[in-house]
Protein chains: 2
Amino acid sequence: MAAELTALQLIEKHRPTLDQALEAIRSRAYWSPFPEHPKAYGEGGAPGSLGPAEGQAAFDALRGTRFELDQPGTDGWTGDEVSPYGVELGVEYPHPDTGALLPAMREAMPAWRQAGPETRALVCLEILSRINGRTHEFAHAVMHTSGQAFMMAFQAGGPHAQDRGLEAVAYAYVEQTRTPETAEWSKPQGKRDPLTLRKAFTPVPRGIALLIGCNTFPTWNGYPGLFASLATGNPVLVKPHPRAVLPLALTVRVAREALRDAGFDPNLVCLAAERPDEGLAKTLAVRPEIRVIDYTGSSAFGDWLEANARQAQVFTEKAGVNTVVIDSTDDYRGMLGNLAFSLSLYSGQMCTTPQNLLIPRDGITTDAGPKSYDEVVTDLAAAVEGLLGDDARATAVLGALVNPQVKERLEAAAGLGEVALASREVTHGDFPGATVRTPVIVKLDGAKPDAEAAYMSECFGPVAFAVAVDSTADAVELLRRTVREKGAMTVGAYTTSADAERLIEDACLEECAQLSLNLTGGVYVNQTAAFSDFHGSGGNPAANAALCDGAFVANRFRMVEVRRPA
Amino acid sequence: MAAELTALQLIEKHRPTLDQALEAIRSRAYWSPFPEHPKAYGEGGAPGSLGPAEGQAAFDALRGTRFELDQPGTDGWTGDEVSPYGVELGVEYPHPDTGALLPAMREAMPAWRQAGPETRALVCLEILSRINGRTHEFAHAVMHTSGQAFMMAFQAGGPHAQDRGLEAVAYAYVEQTRTPETAEWSKPQGKRDPLTLRKAFTPVPRGIALLIGCNTFPTWNGYPGLFASLATGNPVLVKPHPRAVLPLALTVRVAREALRDAGFDPNLVCLAAERPDEGLAKTLAVRPEIRVIDYTGSSAFGDWLEANARQAQVFTEKAGVNTVVIDSTDDYRGMLGNLAFSLSLYSGQMCTTPQNLLIPRDGITTDAGPKSYDEVVTDLAAAVEGLLGDDARATAVLGALVNPQVKERLEAAAGLGEVALASREVTHGDFPGATVRTPVIVKLDGAKPDAEAAYMSECFGPVAFAVAVDSTADAVELLRRTVREKGAMTVGAYTTSADAERLIEDACLEECAQLSLNLTGGVYVNQTAAFSDFHGSGGNPAANAALCDGAFVANRFRMVEVRRPA
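Computed from a prediction, not measured in an experiment: that's the story for all the values here.

**Quick word on the overall build of chain A**
(1) Moving on: For chain A, the helix and strand inventory stands at 19 helices and 21 strands.
(2) Moving on: A globule of 566 residues ought to have a C-alpha radius of gyration of about 24 Å, and chain A, at 25 Å, matches this closely.
(3) Moving on: Viewed in the frame of its principal axes, chain A has a C-alpha envelope of about 80 × 70 × 45 Å.
(4) Moving on: Of all 566 residues assigned to chain A, the portion counted as buried reaches 63%.
(5) Moving on: Put simply, of all contacts in chain A between residues at least 6 apart along the chain, 75% involve residues at least 24 apart.
(6) Moving on: Carbon and sulfur atoms make up 50% of the accessible area of chain A, which totals about 19,200 Å².
(7) Moving on: With 50 positive and 70 negative side-chain charges, chain A shows a spacing of 9 Å between the two charge centroids.

**With respect to the packing of aromatic side chains**
Here a ring pair, both rings aromatic, is described through the centre-centre distance and the interplanar angle of the planes.
(1) Moving on: For the structure on display, the rule yields 28 aromatic pairs over all chains.
(2) Moving on: Both rings, one in Tyr 223 of chain A and one in Phe 227 of chain A, keep their centres 5.6 Å apart while their planes meet at 85°; by these two values the pair is edge-to-face. Note that Tyr 223 of chain A and Phe 227 of chain A are positioned in helix H8 (residues 223-231) at a spacing of four residues, about one turn of the helix.
(3) Moving on: Among the aromatic residues, those joined into a cluster by ring pairs are Tyr 41, Phe 150 and Phe 154 of chain A.
(4) Moving on: In this structure, Arg 28 of chain A is placed above the aromatic ring of Phe 201 of chain B, and the distance from its NZ or CZ to the ring centre is 5.6 Å.

**Side note on the interface of chain A and chain B**
(1) Moving on: Counting residues at the interface gives 75 residues for chain A and 75 residues for chain B.
(2) Moving on: Each partner contributes to the roughly 5,900 Å² buried at the junction of chain A and chain B, and carbon and sulfur atoms together form 49% of this total.
(3) Moving on: A salt bridge links Asp 533 of chain A to Lys 199 of chain B; the shortest N-O distance between them is 2.7 Å.
(4) Moving on: Here chain A and chain B share 41 residue pairs in polar contact (both at pLDDT 80 or more) between them.
(5) Moving on: For the side of chain A that touches chain B, the element with the most residues is strand E21 (residues 557-565) of chain A, which contributes eight residues.
(6) Moving on: Of the residues contributing to the side of chain A that touches chain B, the split by class is 35 nonpolar, 17 polar and 23 charged.
(7) Moving on: Pairing of strand E20 (residues 515-517) of chain A with strand E21 (residues 557-565) of chain B involves two bridges; the strand directions are parallel. Along E21 of chain B, the bridge assignment pairs Leu 515 of chain A with Val 562 of chain B.

**Points about the packing of helix H2 (residues 52-62) of chain A against helix H5 (residues 135-146) of chain A**
Residues and elements named next belong to chain A.
(1) Moving on: In the contact formed by H2 and H5, the axes pass within 7 Å of each other and the chain directions differ by 50°. As the angle between them shows, H2 and H5 are arranged oblique. As H2 packs across H5, the resulting crossing turns out to be right-handed. Of H5, the residues touching H2 (which contributes Pro 52, Gly 55, Gln 56, Ala 58, Phe 59 and Leu 62) are His 136, Glu 137, His 140, Ala 141 and His 144.

**Looking at helix H17 (residues 472-486) of chain B**
Residue and element names in this part refer to chain B.
(1) Moving on: Compared with an ideal rise of 1.5 Å per residue, which puts 15 residues at 21 Å, H17 spans 20 Å between its outermost C-alpha atoms and is within 8% of the ideal.
(2) Moving on: Of all the residues in H17, the buried ones are Thr 472, Ala 475, Val 476, Leu 478, Leu 479, Arg 480, Thr 482 and Val 483.
(3) Moving on: The elements touched by buried residues of H17 are strand E10 (323-326), strand E12 (356-360), helix H16 (449-455), strand E18 (463-469), strand E19 (491-494) and helix H18 (498-511).
(4) Moving on: The backbone nitrogen of Ala 473 lies 3.4 Å from a side-chain oxygen of the residue at the head of H17, namely Ser 471.
(5) Moving on: The positive-phi residue at the C-terminal boundary of H17 is Gly 487, with phi of around 80°.

**Concerning the confidence of the model for chain A**
(1) Moving on: Averaged over all residues, the pLDDT of chain A is 97; the fraction at 70 or higher stands at 99%.
(2) Moving on: Across the predicted assembly, pTM comes out at 0.97 and ipTM at 0.97.

**Comments concerning the relation of the copies chain A and chain B**
(1) Moving on: With an RMSD of 0.0 Å, chain A superimposes on chain B once it is rotated by 180° and translated 0.0 Å along the axis. Such a combination of turn and shift is consistent with a two-fold rotation axis. Minimal C-alpha separation from the rotation axis in chain A is found for Ala 551 of chain A, amounting to 3.2 Å.
(2) Moving on: Looking at chain A, 100% of its interface residues are interface residues in chain B too, so the copies touch through the same face.

**Description of helix H13 (residues 373-387) of chain B**
All names here are of chain B.
(1) Moving on: The first and last C-alpha atoms of H13 sit 21 Å apart over 15 residues, in line with the 21 Å expected at 1.5 Å per residue.
(2) Moving on: When H13 is considered as a whole, its buried residues turn out to be Tyr 373, Val 376, Val 377, Leu 380, Ala 381, Val 384 and Leu 387. All buried residues of H13 project into a common sector of 130° when viewed along the axis, lining one side. In H13, the exposed positions that point more than 90 degrees away from the buried face belong to Glu 385 and Gly 386.
(3) Moving on: Buried residues along H13 sit against helix H12 (332-344), E12, helix H14 (391-398), strand E14 (418-421), strand E17 (440-445) and E18.

**Quick look at the environment of Ala 529 of chain A**
(1) Moving on: You can see Ala 529 of chain A is positioned in the loop between E20 and helix H19 (550-554).
(2) Moving on: Dropping the residues within four chain positions of it, Ala 529 of chain A is found in contact with Arg 164 of chain A together with Trp 185 of chain B.

**A short note on the side chain of Thr 323 of chain B**
Residue and element names in this part refer to chain B.
(1) Moving on: When you line up the elements, Thr 323 lands in strand E10.
(2) Moving on: Accessibility expressed as a relative area gives 2% for Thr 323, which makes it buried.
(3) Moving on: When residues no more than four places from it in sequence are discounted, the contact partners of Thr 323 are Asn 356, Leu 358, Leu 479, Thr 482, Thr 490, Val 491 and Gly 492.

**Considerations on the pattern of salt bridges**
(1) Moving on: Evaluation of the coordinates by the stated rule reveals 80 salt bridges over all chains.
(2) Moving on: With its nearest N and O atoms 2.9 Å apart, the salt bridge here joins Asp 303 of chain A to Lys 318 of chain A. Of the two residues, Asp 303 of chain A is situated in helix H11 (residues 299-308) and Lys 318 of chain A in the loop between strand E9 (313-317) and strand E10 (323-326); the sequence distance between them amounts to 15 residues.
(3) Moving on: One salt bridge connects Lys 407 of chain B with Glu 411 of chain B, and the closest N-O pair in it is separated by 3.6 Å. Of the two residues, Lys 407 of chain B and Glu 411 of chain B are both situated in helix H15 (residues 404-413); the distance of four residues between them amounts to about one turn of the helix.

**Some remarks on the sheet that holds strand E5 (residues 208-212) of chain B**
All names here are of chain B.
(1) Moving on: Taken in spatial order, the five strands line up as E7-E6-E5-E8-E9 in an open sheet, and their pairing is parallel. With one partner strand each, in any of the chains shown, strand E7 (269-271) and strand E9 (313-317) form the two edges of the open sheet. Going from strand to strand, the sheet's axes swing by 15° on average, the running direction of each strand aside.
(2) Moving on: Bridge count for strand E8 (residues 290-296) against E9 is five bridges, and the pairing is parallel. From the neighbouring strand, Val 292 faces E9, where its bridge partner is Gln 313.
(3) Moving on: Against the sheet, helix H3 (residues 98-107) engages E5, strand E6 (236-239), E7 and E8, with an angle of about 145° to E6.
(4) Moving on: Seen against the sheet, helix H8 (residues 223-231) touches E5, E6, E7 and E8 and runs at an angle of roughly 165° to E6.

**So, unusual backbone geometry**
All names here are of chain A.
(1) Moving on: With an omega of -10°, the peptide bond between Leu 547 and Cys 548 qualifies as cis.
(2) Moving on: In the Ramachandran plot, Arg 28 falls in the positive-phi region, its phi being about 55° despite a non-glycine side chain.
(3) Moving on: Residue placement: Arg 28 occurs in the loop between helix H1 (7-27) and H2.

**A closer look at the packing of H12 of chain B against H13 of chain B**
Residue and element names in this part refer to chain B.
(1) Moving on: Across the interface, H12 lies against H13 with an axial gap of 9 Å and an inter-helix angle of 60°. The pairing of H12 with H13 is recorded here as oblique in orientation. H13 is crossed by H12, and the crossing has right-handed handedness. Packed against H12, whose contacting residues are Tyr 332, Leu 336, Leu 339, Ala 340, Phe 341, Leu 343 and Ser 344, the element H13 presents Glu 375, Val 376, Asp 379, Leu 380, Ala 383, Val 384 and Leu 387 at the interface.
(2) Moving on: In terms of residue class, the contact of H12 with H13 is made up of 11 nonpolar, one polar and two charged.

What counts, and where the lines are drawn
Residues numbered from 1 in each chain as written. Chains lettered and ligands numbered in written order. Predicted model: local features only at pLDDT ≥ 70, side-chain atom pairs only at ≥ 80, totals over all residues. Heavy atoms only, no water. Helix = DSSP H or I, 4+ residues; strand = E, 2+ residues; numbered from the N terminus. Rg over C-alpha atoms; globule rule 2.2 N^0.38 Å. Buried < 20%, exposed > 50% of the residue type's maximum accessible area, 1.4 Å probe, protein only. Contact = heavy atoms within 4.5 Å. Areas by Shrake-Rupley, 256 points an atom, 1.4 Å probe, with all protein chains shown as cover. Lys, Arg positive; Asp, Glu negative; His and termini not counted. Charge placed at Lys NZ, Arg CZ, Asp CG, Glu CD. Phe/Tyr/Trp six-rings, centres within 6.5 Å; stacked < 30°, edge-to-face > 60°. Lys NZ or Arg CZ within 6 Å of the ring centre and 35° of its normal. Buried area = accessible area lost by both parts, 1.4 Å probe. Salt bridge = Lys/Arg side-chain N within 4 Å of Asp/Glu carboxyl O. Polar contact = N/O pair within 3.5 Å; in protein donor to acceptor, adjacent residues only side chain to side chain. Nonpolar A, V, L, I, M, F, W, Y, C, P; charged D, E, K, R; others polar. Pairing = 2+ DSSP bridges. Axes fitted to C-alpha atoms, helices over the stretch in contact; angles between N-to-C directions. Parallel < 35°, antiparallel > 145°, perpendicular 65-115°, else oblique. Left-handed = near helix turned anticlockwise from the far one by under 90°. Expected span 1.5 Å × (residues − 1). pLDDT = per-residue confidence, 0-100. Least-squares fit on C-alpha atoms with pLDDT ≥ 70 in both. Arc of directions from axis to C-beta.

Okay, here's the thing in structure tokens:
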């Protein structure tokens, strides 16, 4: 079969983008090739891209159908996704017969290895470019599986996820090409002839990679591992969260089409949708063919994978407890507004959402005068109420609760302490079946042992604890302990004191947590930008890897050397 | 305390060497800053270096003494090394009270982290440079613990080990500096002001690193991990093999002196010598303070570390079964001579020594006409006999057997099949107490199930199996199975056939093993050169890491980002 996309065409089309990505991960300045405004797609936008109506239509056409994939080893059909907005999706996906699927994936490896790092990177860019063109369709798929509001599903599930995939491709390319393809080696031997060897170096894949997707950010958390593995030569088996299959099934379909068009075996990317309660990830994770695993989800299963999938390189993002230390500020209103948005965005269902706000019980200094602990909490509650007062605006910020467990947790949280801001039920104008809730803010006394059980556990969802502490130094000690014992994807802090800043920074450097200081404008502690920000540190219990760095890609392949006399 | 070596002095002295190392790992051409000829040291050689007599005197002065180290937490003295040459060393080392030692090492971390990647690299180069100046002393220490012959102990234990340490420093430096120290990030917001952030990126260490040394190559196998960890900010606790303490104790002493002179806490490098049968490595390996482990030794303990030291990044080099496929050659004499030396060097006690020579039972084609299986084996036996016929030359190649287990294994090997070359006892002219033996070559039939138990196990020592196989294709299948099931540090092959070469190369690429083709001159399959050759692949059961690549350093530190509004 002649490839529809030749290597030369791939270079012309994508090499400039790859080069820009390589420069971006070095400079870590702002950069993205994927526009984040919905109007940038469709008529008048990116050529060939789906516009809003086309994206909606494409998504609607998927509902109530069998999602056909031409992958081998299909053993019946499965799928029972229901949108957090109350819409039934009714899509069925092929259930894999892994006895047929895994060997077919392994067969695809040699030609993909031989293609080399550049072609692999460019094919990955072709996949990402095609996904980008269908961002409007993906946005609906992400929205109706994760519960994200449309704009967030569009941006985080679309261009931002694509950015993270491209970032992984760039890192993989750098890592594989830091060793030259060949070298001439000549060692002087005094008066005798030198010893000479010709050496060839080939990056070789480890084996089949398994991507275990999550419910809340199927594409954003999935693409780094998927593309890092694929770009380093490994076929990727995509096992989505059973409640968020569609965005990754679409991804697999697009990847297979692009691979085929570039002359490669589409079985380099396959889907493994599971039957209800099948526990397919657990079975697959310990298969000898699986040599790389990327996982986002609960700490319990992440820890299990790290302990049991010993034949594989395991990259995990798990639970953590994110802290904001509030010492002082020269922009009290800005701080409150920024925090209110951070707590509300996607109903606090981000792995990066702050949970514990540590506030000295004697209060803080601000540009608006000293504020007592109670005042800070009351003012923050008011800021959240103000942000979410209008139902339409509230739903656009909050999205919907992703699953019933979040709702249960939210309801239980009100019993953990004094409620400073009660959660409010919001009716969604377009989707009356959506479960939409505003955050609860609960006051806890950091000195009381019975409060510790609450603030030292992850309470995933729209729940924030305003923890009264003795002092900023006390807050920093609690921050350290929380990161060390529970892990953290993010740390935030507000301070105008150089001493306090130093204390907080040292704690983050020593406990290995990513710190955002004094955010009062349009950047939030929850958000990280590909090519510039690291997502997670890989050095505390919340995650054993960061997105994205050398360590995220370096061990997905190995370098094999063949040497001969020159 | 003012540093005797300022940062500026370190830059002047070592930055050019670091830059050359950085270039060498990119080009992988031949390079070394450390001369390998004994005459390059002492009078007329490298300034300040010890000459042969001084090195010998320094070594002699150590015998029968307490090896004082000013490290905290000493709990008695231990040591009972006996040279494989029959010389009693009688050196005693401080036994650690880890309850005092580990906290002292942790205290040294913040200042070392703050020093940054360049200063850390340059201090590591200062340590290596001081070690290099004492190469003659180290040579005796390596010789009288490993049993290597003097010249090998000098080169492999001296400059080649120092090269591998420097290589690790270079990789660590690249990895930590691929992210800039700071970045300005500015994201356009249409007509509104851009979002702007100032970001700072700091490589932070993981914690205390544990180096578990081996008996045969205490410095060569120890330096990569030691310097990779130290250069990435981690204090290193050195736990030598109880029979090979002295070379690493000297290393620790030199490192501590250099660290102190550069103004750093010497407790960044400490020694943990163990009492007989104490099993100190096992206790230390699971301590929560230990976050990185480097290990060379048996598969049993390496596998145990990988499974149990879950709080640490674990880098292992374990046992393997190295194969040479003999298909055909256009330099029969060269092949025999090369193989004879490979089998004899250091009595086959290298992790890279070939064990299984796979030879088609119908014979091979050569420039000297067709040779039957029996002829090849007989001619190889004659080549080994020729090489080792003279006792003085034999001891210079063979060294001594490192421990009684090797002798037992060698003696048992003669019972495994038909002996093509019997092992011979050699009397050492200088050290009558040395146990010196020539290799045994045993014929085995690859088709016989009872032979498989022999050739499919590592028989560490001067034992080679000449395995008769049905064909070259059969040999390649056995090669694949051996690498997959038992691991391999090296693969060798001789062939003049492009088809056979392709088969063998594909097997090595797919099973992830380093291949040397048609070596007939002065380069041997056992030997790898730092900055150019990878030692091990990290992709088969013989080792989970390679010396040295990005993966060897990337996860020894993490990158912490602090971002603020610009």
